[in-house]
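Below, each chain spelled out in residue letters.
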Amino acid sequence: MIGSIAALGAGLAVIGAGIGIGQIGGKACEGIARQPEAASKIQTAMIIAAALVEGVALFAVVVSFLGLK
């Protein structure tokens, strides 16, 4: 039973990260479409934000698997 709860937690973390990265990418595309001259600044901020979201998701997956004990 504990293993399935950990798997559920890992799955929720990955779903949350997917939603977050999707939102970041969509908003970055909107920003670039509105101001093409600021594309490099928007892209840099997008990559940093996506990396932070991915790091939090990885941390959540590790914490959920540590709960298997």
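Just so we're clear, the structure is a prediction, and the values are computed from it rather than from any experiment. (Residues numbered from 1 in each chain as written. Predicted model: local features only at pLDDT ≥ 70, side-chain atom pairs only at ≥ 80, totals over all residues. Heavy atoms only, no water.)

### Thoughts on the overall build of the protein
- Across its full length, the protein carries two helices and zero strands.
- Against the globule reference of 11 Å for 69 residues, the protein gives a C-alpha radius of gyration of 16 Å, more extended than a compact globule.
- Expressed as a percentage of the 69 residues in the protein, the buried residues total 20%.
- A separation threshold of at least 6 residues defines the contact pool for the protein, and within that pool the share at least 24 residues apart is 74%.
- Here the protein has roughly 5,000 Å² of accessible surface; of this, 75% comes from carbon and sulfur atoms. (Helix = DSSP H or I, 4+ residues; strand = E, 2+ residues; numbered from the N terminus. Rg over C-alpha atoms; globule rule 2.2 N^0.38 Å. Buried < 20%, exposed > 50% of the residue type's maximum accessible area, 1.4 Å probe, protein only. Contact = heavy atoms within 4.5 Å. Areas by Shrake-Rupley, 256 points an atom, 1.4 Å probe, with all protein chains shown as cover.)

### A look at the UniProt feature "transmembrane region" (unreviewed entry) in the protein
- Sequence positions flagged by UniProt for "transmembrane region" (unreviewed entry) are, in local numbering, residues 46-68.
- Measuring from the first to the last C-alpha atom of residues 46-68 gives 34 Å, for a span that is 91% helix and 0% strand. (UniProt positions renumbered as here; feature names shortened; annotations may be inferred.)

### Description of a nonpolar patch on the surface
- Taken together, the side chains of Leu 8, Leu 12, Ile 15 and Ile 19 present a nonpolar region at the surface, about 430 Å² in accessible area.
- Position of Leu 8 relative to the elements: it lies in helix H1 (residues 2-34).
- The class for Leu 8 is exposed, based on a relative accessible area of 56%. (Patch = residues over 30% accessible without salt bridge, like charges linked within 9 Å, V, L, I, M, F, W, Y side chains within 5 Å. Salt bridge = Lys/Arg side-chain N within 4 Å of Asp/Glu carboxyl O.)

### Focus on the UniProt feature "domain: V-ATPase proteolipid subunit C-like" (unreviewed entry) in the protein
- UniProt records the feature "domain: V-ATPase proteolipid subunit C-like" (unreviewed entry) for residues 6-66 in the present numbering.
- End C-alpha to end C-alpha, residues 6-66 measures 8 Å, and it is 93% helix and 0% strand.

### A word on helix H2 (residues 39-66)
- The first and last C-alpha atoms of H2 sit 40 Å apart over 28 residues, in line with the 40 Å expected at 1.5 Å per residue.
- Within the span of H2, buried status applies to Ala 50, Ala 57, Val 61 and Ser 64. (Expected span 1.5 Å × (residues − 1).)

### A short note on the environment of Ser 64
- Inspection of the secondary structure assignment puts Ser 64 in helix H2.
- A relative accessible area of 14% places Ser 64 in the buried class.
- It is 8.5 Å that separates the C-alpha atoms of Ser 64 and Leu 8, two residues lying 56 residues apart in sequence.

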